Structures are given as structure tokens and as C-alpha cells.
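# Reading the structure
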Amino acid sequence: MKTNNLGYPRIGSNRELKKACEAYWAGKITAEELLNTGREIRINNWKLQSEAGIDLIPSNDFSFYDQVLDFTLTLGAIPNRYSEIAKTKSALDLYFAMARGSQKDEQDVVAMEMTKWFDTNYHYIVPEFTKNQEFQLFSSKIIDEFVEAKNAGFQTKPVIISPVSYLLLGKEKQEGFHRLELLDKLLPVYFEIIEKLEKEGATYIQFDEPFLALNLTDYERKAITYTYNEINNRFPNIKVILTNYFDCFGENIETALALPVHTFHLDLVRCPSQLDDILESGKLANNVKLSLGVVDGRNIWKNDFKKSLAIIEKAVSALGENRIFIAPSCSLIHSPCDLDLETNEENLSSEIKQWLAFAKQKINEVVTLRNLASGEITESDQAHFQENTIANENRKKSTLIHNNAVKNRVASITKGDDQRINAFAIRRKKQAEALQLPLFPTTTIGSFPQTAEVRSWRAKFKKRELSQYEYDALLEKETEETIRFQEESGIDVLVHGEFERNDMVEYFGEQLDGFAFTKNGWVQSYGSRCVKPPVIYGDVSRPKPMTVKWAEFAQSLTSKWVKGMLTGPVTILQWSFVRNDQPRSETCTQIALAIRDEVVDLEKAGIKIIQIDEPAIREGLPLRKEEWDNYLDWAIKAFRISASGVADDTQIHTHMCYSEFNDIIQNIADMDADVITIECSRSQMELLDAFANFKYPNEIGPGVYDIHSPRVPSHDEMVHLLEKAAAVIPANQLWVNPDCGLKTRHWEETRKALIEMVKAAQQMRVAAEKTILA
Ligand code: GLN
Ligand code: ZN
């Protein structure tokens, strides 16, 4: 029995790669220095895995920005707009220009698009294809890194994004063709890569084929079959590890099992039933091996050795030891690096820490599991097993985790709890009466600029250089100035500005029971950007109000309405590491109840408009369509539970910032928020069509300007967008607001843009008056 790892975090245990990349971009270090940092990280990772006892150690899992972009460069699929840069700049600068755009030396080239890697929070750079797309071996990174490892004494298994998955990850940039039609042009470059790797001594190659976990068409399935047959015909000696993760093969199982490969890697964390399905199908060819992904690569919990051993034993008894690899479920780039660095008891108590495993610890788990299952047990394996059993027993019984009051409350949720008292039509009248807002009411999404100053106060407060009193006084001053600006510029529904918040999830997590925080648990989100998700370890409850003080303070300053600002249960869940000892839906419902209490307390404090942000609802959608309904049922219900504790005349807003609504518009309507604000300006209101066609019944604020850019739009531009909106949605349903929160913007452009926005709303009102009079 052997061990197999799919990928190791490349950011470095102390985010060395992030720091080096950013220093290079700022011109503070040379390319040579950056390349050196990369080399050190790779060698360290190989050494760590080799010493731990991993048999199949990955190479080409390293990347300076993104592994898909690496392949785009490898395959020479460089979009035309970079051809000038390709001629004049180094390969490294070309690479970063594709990732981030380039505005140097009079060149102004936009970056390639970025999107989420399946259902993770990792973002990859989307390949762009044209009808006459050519491919050629442009970068030899994958071969170089294999040779580099070999020279350092490590025999590695190169990681390849399979041809079909690579094409499917991309987008056609012209009409009139399907990107899979490029397969025959693409394959020769892959053959060249495999040939070179084989010549250098590679025997195993990992072919990532994540699309096998999605719903595929016959055409797509045939392309996969064709590809592996071609590879197998040409390279009969290469041991192809067909690697699938994040879900089951589903209806692709027959296609998959018929492929001429050496090993199938299975994600048995996301899809535990897969092993039985394969063994019972009788379709696994003789001698083909299985890589059992039993250690969760997506979450931070310690493995349950007893449970994993039962799975491994089942596979071993069916296939024999030498047909089995033990592995993490997916690449470990989705895990933080090293739990040993969490030494601060205040952040993470030792009781909670004993339940966790980060990438380095997961590698050891894989090796220990192999040893335990194969009977080659050392004393340290024995100790590891005992420690694992005790930790898991502790976790099951811990008083930190289990809170009966919370469990009982969830169990006694009744039908009415996720429903407002009356339907929207009735609420709407009551709200109109209570709030007395004009037509085209103006508002913002919540945050105002988080200046360096504001951030420095928080840093000082955390270091205890500012007292609570001093810190609050500074925030109060900033809040008051923001209220005054909003009043002066004529905005109708004000916000307090969110200056007290570091991050929209962390801020709530820090105040809720059941959440813990790491000091160094960074995970790559995109390029040099890393996130540190909170850890939800126990039943969630709210010991005391979280936002009421700031909302109340802001409301006390003005006679206009101040909107209370909360993060919704699905977004808090989605952007955290979630406990694995109960269904996600259960945890989400607990969070929903905590948010509900906050909503009710805001109402009691006189806040009449409350926004519950849910930007992550869409990204929580499962990979396979047949699982969508189940997810949407509990996710939408959780939102409704959080929003339904208030009177009819309290207005609930929600906000989402993604631009695809068509396929879930019914579910968005089912959220029954009185007002929804959405991102819209970049698509020139096109996505409003989804709402218009659906006849979306509630009020809606399509963002009229893009907050991701420092550009100040004119009121005419915004009027133009609003007219487009008013052409498909009744004017009395429309709100006027920016796309998203303003925290990343500077004050100057924010002031100007919002003044223009108010002008645009006023112009729309005047025009509407005229039509009514006419
Ligand atoms: N209220 C949040 C803000 O304005 C919303 C952020 C988001 O949608 N991601 O910052
Ligand atoms: Zn947003």
C-alpha cells in the first residue's frame, strides 16, 4: 500500500510567497530573488513530504499565481493583447501581466478574467480561446520542476490539468465554435510534455480531471475517453493517475471506469458512497488501482482514524493491498499550512487545537493511516493512533461544542418562523407609510472607505496601544462624519459605515459562541491574496447584541433612517471552516437564529431598515445540479429565519454581489427580502432581464456604478443605466445605489460618485413626475 499526495500549499507557512510576489510587483526585489523564494518553497515542500513518508510526491503543484494560468503559459494559449508584452518582457512579467493586467510604460492591458475554482474559495485565471486557437509548448515549467526535484533527490509525480478539463475551464472569446473542438490541436502539446517528462524519468503522472464530478454532456464524456485512449496508445508505460475530486463521478462513472488508466483517485470525503459504487459495479478493470482520498483536503478537522481504517480495510479486502493508495481527498492548497504554528492559547485553545489538522499534519495522517492499515506499525504510529482516538472522543463529548439550548431551539423551529407576518404586498404599504421614502430612494451597501487611518486604529487597539474608550471615540467621530456627509449629499437611507469591522464574517464570528480564530491559518484565495477563515467548532449562539450599539449611535445623530447592517447566515457559513460532525444545514440554521436575534434587537432599538448581506448564496451551490434543490431549500430557509422576526413595517434588505441570477431567480424571490441590491453596472443592467422576465415582485436596487474602480461616473451615465432599469422594472420598485460596499475606495472619489448618484436619482424623479402629470 502506498501514499499519494495531490498538491501541497505553495504560499509558504508564513506566506513567504505572498510577500515575495508583492515585493517584486512593487519593484522592491529582483526577479532572481522572487524565483529563489519559489525554489525554496518547492524544495521545502518536497523535503517535508519525503521525510514524512509520502510515496507519490507532486511536482508542478507550485505556482507563482495560479496553476491554470501556468498551464495557459505552458500551452502557449496567450491572448493577442499580450503579444507586445510577450515580445518585450520576460516570461515572468508576461505571466504577471496576464494575471493582473499591466499599466507600465504606456501599455494598458487588462488582466485575464478570474473565477472560482469549482465550489472552493480559490480563484483561477480563465483561459481564453479563439476559433483558430493555436497551441505550442511555450513554457517548460512542468518539466523544469520535475528535473529540479530530481536533482534535489526527489522523484516526483508531475501534476497535469487534463486536456479536456483545461478546455472546459476556459471560455470561447469568439462565436461559432465550442472550445472542445480545439482538442485535436491541443493534444500534440500534451504529448510533447508527457514525452519530455518520460525522458526525464517520470513514471507516474497525475491527470486532474475535476469535470468528471460535474454533469457532462455525451460530447464531453466522449472527449475524455478519446483523450485517455490517445495518451495510453502513445505512452503505455506512463502510470496515469486519473484524479477526480469535490464530488462523485455520478452518471460519469461508466465513462470513468472504462478509461485506460493506472489509478483512479477518489474523493471519499465529499462522496463516501463512491467506493461501494465502484466495488459493486464490477467494472473496475483488473490491476487498476484506487487512491482513497480519506483525509479531508478542504477542511481543518483531524481525521477520524477508526472511520478511515474501516474504509481502507474494505478496499483492501476487495482489491488487495498493492492496489491501494492512501491520500488526501484533494489538493492541500485548500488547507492552511501548519497547525504547529498556532501557539497562541488566546486565539486557539489547546482543547480546540487538538481537534485540528492542517496540511503538514494531514500529510502525517495519510502516512500513519497507511502504516496502520498495512500492519507496518511503528511506536509512533501507535501513539498517533491513540492520540487521534482520544482527540476524536473528546470532540464528541466536549462541553465547548454542545449547547443544548441551541439544539433545542433549532429542533423547535416551526413553520411560521421562516415567514414574515404578512405577504410583501401588505408589508409594502405599511413600510411606505412608516418610512415615507421618495421614488427612486438612494442608499449605499454599507461600508464607507476603510482608510489606512481607520485600519491603524484597529491595529493599535488590538496591540492595546489604544483603550476601548479611545478606539470607540475615534470610530464615533468617523461614523458621525460619514452620517453628516450622507445627509449633506441628500442620500435617503443612511448607513453607519462599518468602520468597526475588519471583515464582514470575522466581525460576527468574533462575537458569536462556537467560533474560533487561527493566527496563521491562511489559505490562498487568488494570486497573492490569502484568507483566514474562522473555524466554526461548536453550536453557534449569540451571547449579546453585536451591532446594536453602532446602529443606535448612528441613528441618534440623524433624523433620516439609518440602515442596520448584518452578514447573513449562508455567507457566514460559506466563508468559514465548518464543523463536520453535523450537516452544514444544521450549522447554518444555528447561525440564522443568532442573526434573527440581532435583527429583532435592532428593531427594538428603533432601527426600521435592516440589511442582511448574502453575497455567498450562489457560490454555495453544489457542483451537481441534482443537489441544488436540497441546498437551496435549507439556505433560503436559513435566510428567511434570520429575517422573519420583525414587524411588517420593518424593511428587510439583502445584498448580493455576483452577476448570475437566471437559474436561481425563483429562489432569490423566495428569500422574500423587501429590497434586494445587486451588482449590475458592469453588465449594463443586462442581468436585470432575469428579474424582469420573472416579474420579480419585491423592490430592487440594481447597482448603478462599479465600486471596484476608482473612476467617478457622471450622473448622466447613471441616469442612462436607471432608464434601462426602468424600462424593464416598474419605477416604483427601483432603488438607487452603488454595486457593493465602498470600503476599498478613497473618500474623494466616494464623495464625488455619491453626489452624482443622488443627482441621477433626482433627475429620475423629476422625469417620473412629468410622466405622471402628463
Ligand atoms: N455590507 C458590506 C459592505 O458594504 C457588503 C460587502 C459585500 O457584499 N461583499 O462592505
Ligand atoms: Zn457586494
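As shown above, the structure is provided for reference.
Structure report, in brief. As the structure is a computational prediction, the values presented were derived from the model and not from experiment. (Residues numbered from 1 in each chain as written. Chains lettered and ligands numbered in written order. Predicted model: local features only at pLDDT ≥ 70, side-chain atom pairs only at ≥ 80, totals over all residues. Heavy atoms only, no water.)

### Describing the overall build of the chain
Broken down by element type, the chain carries 28 helices and 22 strands. Against the compact-globule benchmark of 28 Å for 774 residues, the chain has a radius of gyration of 27 Å, which places it among compact chains. Judged by the C-alpha coordinates and their principal axes, the chain covers about 80 × 60 × 50 Å. Buried positions account for 60% of the 774 residues belonging to the chain. Across the chain, contacts joining residues at least 24 apart in sequence account for 78% of those joining residues at least 6 apart. Carbon and sulfur atoms provide 49% of the accessible area of the chain, an area that totals close to 31,200 Å². In the chain, 91 side chains carry a positive charge and 113 a negative one; their mean positions are 1 Å apart. (Helix = DSSP H or I, 4+ residues; strand = E, 2+ residues; numbered from the N terminus. Rg over C-alpha atoms; globule rule 2.2 N^0.38 Å. Buried < 20%, exposed > 50% of the residue type's maximum accessible area, 1.4 Å probe, protein only. Contact = heavy atoms within 4.5 Å. Areas by Shrake-Rupley, 256 points an atom, 1.4 Å probe, with all protein chains shown as cover. Lys, Arg positive; Asp, Glu negative; His and termini not counted. Charge placed at Lys NZ, Arg CZ, Asp CG, Glu CD.)

### Here's the deal with the coordination of the zinc ion (ligand 2)
Looking at the metal site, the zinc ion (ligand 2) is ligated by His655 (NE2), Cys657 (SG) and Cys740 (SG), spaced 2.0 to 2.4 Å from it. Taken together, the four donor atoms coordinating the zinc ion (ligand 2) and their angles of 88 to 124 degrees define a geometry best described as tetrahedral. As a motif over one chain, the donors of the zinc ion (ligand 2) read H-x1-C-x82-C. Of this pair, Cys657 sits in the loop between strand 20 (651-656) and helix 25 (665-670) while Cys740 sits in the loop between helix 27 (715-728) and helix 28 (747-773), and the two are 83 residues apart along the sequence. Overall, Cys740 belongs to the buried group, its relative accessible area being 17%. (Donors = N, O, S within 2.8 Å, 3.2 Å for Na, K, Ca; no water. Tetrahedral: all angles 85-135°; square planar, octahedral: opposite > 155°, others 65-115°.)

### Quick look at the packing of aromatic side chains
For the coordinates displayed, the defined rule picks out 28 aromatic pairs. Relative to Phe246, the ring of Phe118 has its centre 6.2 Å away and its plane inclined at 55 degrees; by these criteria the two rings are tilted. Pair noted here: Phe118 is in the loop between strand 3 (114-116) and strand 4 (123-125) and Phe246 is in the loop between strand 9 (239-243) and helix 10 (253-257), with a separation of 128 residues, a long-range link. What makes Phe118 buried here is its relative accessible area of 14%. Aromatic pair Phe461 and Tyr471: ring centres 4.3 Å apart, planes at 5 degrees, arrangement stacked. Placement of the pair is Phe461 in helix 18 (residues 452-462) and Tyr471 in helix 19 (residues 468-489), with a sequence separation of ten residues. (Phe/Tyr/Trp six-rings, centres within 6.5 Å; stacked < 30°, edge-to-face > 60°.)

### Here we look at the site of ligand 1
Close contacts around ligand 1 come from 13 residues, with Ser447, Glu498, Asp613, His655 and Gly741 the closest. Within the backbone of Ile445, a nitrogen or oxygen atom sits 3.1 Å from a nitrogen atom of ligand 1. Here an oxygen atom of ligand 1 sits 2.8 Å away from a polar atom, N or O, in the side chain of Ser447. Contact with the protein chains covers 92% of the free accessible surface of ligand 1, which is 300 Å². Its residues assigned to classes, the shell around ligand 1 comprises six nonpolar, four polar and three charged. (Near = heavy atom within 4 Å. Polar contact = N/O pair within 3.5 Å; in protein donor to acceptor, adjacent residues only side chain to side chain. Nonpolar A, V, L, I, M, F, W, Y, C, P; charged D, E, K, R; others polar.)

### Things to note about the nonpolar core
If you look at the biggest cluster of nonpolar residues, it comprises 103 residues, and the most contacted ones within it are Phe661, Ile668, Ile678, Leu688, Phe691, Ile700 and Tyr705. If you look at the next biggest cluster of nonpolar residues, it comprises 97 residues, including Tyr124, Val240, Phe264 and Val295. (Core = buried A, V, L, I, M, F, W, Y, C linked by side-chain atoms within 4.5 Å.)

### Digging into the packing of helix 11 (residues 274-281) against helix 12 (residues 305-319)
Relative to each other, helix 11 and helix 12 sit at 10 degrees, their axes nearing to 11 Å. Taken together, the axes of helix 11 and helix 12 are roughly parallel relative to one another. For the pair helix 11 and helix 12, the crossing hand works out as left-handed. Within the contact between the two elements, helix 11 uses Leu275, Asp276 and Leu279 and helix 12 uses Ile311, Lys314, Ala315, Ala318 and Leu319. Taken together, the residues of the contact of helix 11 with helix 12 break down into six nonpolar, no polar and two charged. (Axes fitted to C-alpha atoms, helices over the stretch in contact; angles between N-to-C directions. Parallel < 35°, antiparallel > 145°, perpendicular 65-115°, else oblique. Left-handed = near helix turned anticlockwise from the far one by under 90°.)

### Re helix 21 (residues 548-556)
Since the α-helix packs 3.6 residues into each turn, any two residues three or four apart lie on the same face. Within helix 21, the full set of buried residues consists of Val548, Trp550, Ala551, Ala554 and Gln555. Those residues of helix 21 hidden inside the fold are in contact with helix 19, helix 20 (506-509), strand 18 (561-567) and helix 23 (584-604).

### Some details on the state of the cysteines
Counting across every chain of the model gives one disulfide. Note that Cys248 is cross-linked by a disulfide to Cys271, the S-S spacing being 1.8 Å. Disulfide Cys248 to Cys271: torsion about the S-S bond roughly 90 degrees, handedness right-handed. Here Cys271 lies in the loop between strand 10 (263-267) and helix 11 and Cys248 lies in the loop between strand 9 and helix 10, a separation of 23 residues in the sequence. As far as burial versus exposure is concerned, Cys248 and Cys271 are alike and both buried. Here Cys680 is not cross-linked by a disulfide; its sulfur's nearest cysteine counterpart is in Cys657, at 12 Å. (Disulfide = S-S within 2.5 Å.)

### Notes on the pattern of salt bridges
One pass over the structure, following the stated rule, counts 54 salt bridges. Asp581 is the partner of Arg579 in a salt bridge, and the nearest nitrogen-oxygen pair spans 2.7 Å. If you follow the salt bridges from partner to partner, you end up with Arg39, Arg42, Asp70, Lys141, Glu145 and Glu148 in one network. (Salt bridge = Lys/Arg side-chain N within 4 Å of Asp/Glu carboxyl O.)

### Observations regarding the packing of helix 6 (residues 141-151) against helix 8 (residues 183-199)
Two elements in contact, helix 6 and helix 8, have axes whose closest approach is 10 Å; the angle formed by their N-to-C orientations is 10 degrees. Considered as vectors, helix 6 and helix 8 are oriented roughly parallel to each other. Relative to helix 8, helix 6 is oriented so that their crossing is right-handed. Each of Ile142, Ile143 and Phe146 in helix 6 lies in contact with helix 8, whose residues at this interface are Ile193, Lys196 and Leu197. Tallied by class, the residues present in the contact of helix 6 with helix 8 amount to five nonpolar, no polar and one charged.

### Let's talk about the sheet that holds strand 6 (residues 156-161)
On the basis of which strands lie adjacent, the open sheet formed by eight strands has the order 1-12-11-10-9-8-6-2 and parallel pairing. Looking at which strands have only one partner, the edges of the open sheet turn out to be strand 1 (2-3) and strand 2 (57-59). (Pairing = 2+ DSSP bridges.)

### Here we look at helix 23
Spanning 21 residues, helix 23 covers 30 Å between terminal C-alpha atoms, matching the ideal 30 Å at 1.5 Å per step. Gly606 occupies a position one or two residues after helix 23 and carries a positive phi of about 95 degrees. (Expected span 1.5 Å × (residues − 1).)

### Examining the side chain of Gln611
Of note, Gln611 is situated in strand 19 (residues 609-613). The class for Gln611 is buried, based on a relative accessible area of 0%. Side-chain polar atoms of Gln611 contact the side chain of Asp613, separated by 2.6 Å.

### Observations concerning the environment of Leu400
Tracing the backbone through its elements, the reader meets Leu400 in the loop between helix 15 (379-397) and helix 16 (404-411). Distance in space between the C-alpha atoms of Leu400 and Asp539 is 8.4 Å, their sequence separation being 139 residues.

### Quick notes on the environment of Ala432
With respect to the helices, strands and loops of the structure, Ala432 is situated in helix 17 (residues 424-435). Separated by 94 residues in sequence, Ala432 and Asp338 place their C-alpha atoms 54 Å apart.

### Re the sheet that holds strand 18
One open sheet holds the six strands; their spatial order is 13-18-19-20-21-22, and the pairing between them is parallel. The open sheet has two edge strands, strand 13 (493-494) and strand 22 (699-702), and neither has a second partner. Both strand 18 and strand 19 contribute to a ladder of five bridges, which runs parallel. Directly across from Leu566, in strand 19, lies its bridge partner Ile612.

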